[in-house]
Amino acid sequence: MQKGMTFARFCAEQEALAGGNGDLTTLLDAVNAACRRLSDLVRRGEMAGVLGAAGQENVQGEEQKKLDIIANDVFIESTEWTGQLAALASEEMDNHYPISGQFKRGKFLMTFDPLDGSSNIDVNGATGTIFSITRFEGEGTASDDDFLQSGRQQVCAGYCLYSSASMMVITLGNGVAGFTLDNSIGDFVLTHPSMSVPAAANEFAINAAYSEHWQAPVKQYINECVLGSDGVRGKAFNMRWAGSMVGDVHRILCRGGVFLYPLDERMIAKGTAGKLRLLYEANPMGMLMEQAGGLAHTGLQNILDIQPDGLHQRVPVIMGSSEEVERLIEYHQSQS
Ligand code: P6P
């Protein structure tokens, strides 16, 4: 482990390498502080009185936990003052959050999922915060439409995983690095300097409760994995499903695998294109996967190439080890 390489120093060096002037590092320092505050709240849980339902739904129609709302407020409060943001948008807010008159506006837009996997919070399961940063190309105040940029436009993407350890994982377009929260100094230190997804895998992540609704390409892929050594794959597979995209993606970045939240017949009947959201789940995780040598796809299109049409647009998600994603793409394209 490179001694003394803190998150702040890493971001400053990476931004300088990309020709930046330090503004992005100023913003990421604030994201670091937000995630450290959230790590403490998640860790203290019931002792901090933050568990349980909030008694209301978000724009997605999902039951909000108290910590969903608290995390959203902490993230805004920790970053809006930096002078680096034009606006913020989150899973928990119907529309964007403009930077108000008291704070200087900046040239970045940030979308975030303040507490991904929050249904795990009351049972002490893995949760996380996901963030994605793009440039504000407009003049004056930002609008919802300014956020509608493809994943290729991201200047930075990352997450903070709250699990047995709290870890920050980030890319500024030059590979993926992981930092572990060292509580003895109260900061994230570099522990995984260059995260890389193995091309081959023997582990898949999908919610198998919905198997009857899957479309043929996904059914074929999963059935072949389940047949293991006796089937066409000729090797055994394992399954994991964390109930938190951050938890599953982190495991895949560490040891390979493929994560699927595909389009299914239920969604088609409801007229939706998936469960996971493009701007603050699929795009940031997709950038991290590609930067780590993996792939992120819908089965028919690379996720990072999608031109968004709404803040809360949902997309099918297949991401992880390149050989597995390529096989799923082939099944989708040959059956479409
Ligand atoms: P299900 C969490 O709500 C989330 O958005 C992702 O983090 C996670 O992968 C997925 O939904 C879990 O969905 O249908 O298994 O509860």
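Caption draft 1: Fine view of the overall build of the protein. Helix and strand counts for the protein stand at eight helices and 15 strands. Scaling as 2.2 N^0.38, a compact globule of 336 residues should have a C-alpha radius of gyration of about 20 Å, and the protein matches this with 19 Å. Considered along the principal axes of its C-alpha atoms, the protein spans approximately 60 × 45 × 45 Å. Residues classed as buried in the protein amount to 56% of the 336 residues present. Across the protein, every contact between residues at least 6 apart in sequence was considered, and the portion connecting residues at least 24 apart equals 65%. Accessible area of the protein: about 13,600 Å², with a carbon and sulfur share of 48%. A gap of 5 Å separates the mean positions of the 25 positive and 41 negative side-chain charges of the protein.

Caption draft 2: Region of interest: unusual backbone geometry. Phi angles above zero are rare outside glycine, and Asn-124 is one such case at about 60°. With respect to the helices, strands and loops of the structure, Asn-124 is situated in the loop between strand E5 (108-116) and strand E6 (127-135). Among the residues examined, Asn-124 registers a relative accessible area of 72% and is labelled exposed.

Caption draft 3: How the structure looks around the packing of aromatic side chains. Per the counting criterion, the structure on display carries five aromatic pairs. Centroid distance Phe-75 to Phe-112: 4.4 Å. Interplanar angle 25°. Geometry classified as stacked. Pair noted here: Phe-75 is in helix H3 (residues 66-79) and Phe-112 is in strand E5, with a separation of 37 residues, a long-range link. When the centroid spacing of 5.9 Å and the interplanar angle of 50° are considered together, the rings of Trp-241 and Tyr-261 count as tilted. Taken together, the residues Trp-241 in the loop between strand E12 (238-239) and helix H5 (245-255) and Tyr-261 in strand E13 (residues 258-261) connect sequence positions 20 residues apart. Overall, the relative accessible area of 27% leaves Trp-241 in the partly exposed class. Of the residues examined, Tyr-261 reaches a relative accessible area of 10% and is grouped as buried. Across the ring face of Tyr-210, the terminal group of Arg-266 is positioned such that the distance to the ring centre comes to 3.8 Å.

Caption draft 4: The nonpolar core, seen in detail. The biggest cluster of nonpolar side chains holds 43 residues, and the ones touching the most others in it are Leu-28, Met-110, Phe-131, Ile-133, Cys-156, Ile-170 and Phe-179. The element best represented in this core is helix H2 (residues 23-44), accounting for nine residues. Formed by 30 residues, the second largest nonpolar core is a distinct cluster that contains Ile-252, Ala-296, Ile-303 and Val-315.

Caption draft 5: Up close: the site of the ligand. Inspection of the region around the ligand gives 14 residues, with Asp-116, Asn-207, Trp-241, Met-245 and Tyr-261 positioned closest. A distance of 3.4 Å separates an oxygen atom of the ligand from a polar side-chain atom of Tyr-210. Arg-277 is positioned such that a nitrogen or oxygen atom in its side chain is 3.4 Å from an oxygen atom of the ligand. Relative to its unbound accessible surface of 400 Å², the ligand loses 83% to contact with the protein. Looking at the shell around the ligand, its residues break down into six nonpolar, four polar and four charged.

Criteria and cut-off values
- Throughout, residues of each chain are indexed from 1 in the direction in which the sequence is written.
- In view of the model being predicted, local features appear only for residues whose pLDDT reaches at least 70, and side-chain atom pairs are presented and counted only at 80 or more, with totals across whole chains, interfaces and linings using the full set of residues.
- Note that the side-chain values use all heavy atoms of the structure and ignore hydrogens as well as water.
- Here a strand is any run of E in DSSP of at least two residues, a helix any run of H or I of at least four, and the numbering for each starts at the N terminus.
- It is over C-alpha atoms that the radius of gyration is taken, and the globule rule equals 2.2 Å times the number of residues to the power 0.38.
- Only protein chains enter the accessibility calculation, which uses a 1.4 Å probe; a residue is then buried when its area is under 20% of its type maximum, exposed when over 50%, and partly exposed in between.
- Contacts were defined at the residue level, with two residues in contact if any of their heavy atoms lie within 4.5 Å.
- Using a 1.4 Å probe, accessible areas were evaluated by the Shrake-Rupley method; residue-level cover was limited to the displayed protein chains.
- His is not counted, nor are the chain ends, whereas Lys and Arg count as positive and Asp and Glu as negative.
- Charge placement uses NZ in Lys and CZ in Arg. For Asp and Glu, CG and CD serve respectively.
- The aromatic pairing rule takes the rings of Phe, Tyr and Trp, using the six-membered ring of Trp, and pairs them if the centres are within 6.5 Å, calling planes under 30 degrees apart stacked, those over 60 edge-to-face and the rest tilted.
- Whether a charge sits over a ring depends on NZ of Lys or CZ of Arg being within 6 Å of the ring centre and within 35 degrees of the ring normal.
- Among buried residues, those of type Ala, Val, Leu, Ile, Met, Phe, Trp, Tyr and Cys that are joined through side-chain atoms within 4.5 Å constitute a nonpolar core.
- We call a residue near a molecule or strand when any one of its heavy atoms sits within 4 Å of it.
- N or O atoms within 3.5 Å of each other form a polar contact, as long as, within protein, one can give a hydrogen and the other can take it, and as long as residues adjacent in sequence are counted only when both atoms are side-chain atoms.
- Polarity classes work like this: nonpolar for Ala, Val, Leu, Ile, Met, Phe, Trp, Tyr, Cys and Pro, charged for Asp, Glu, Lys and Arg, and polar for all others, with Gly in that last group.

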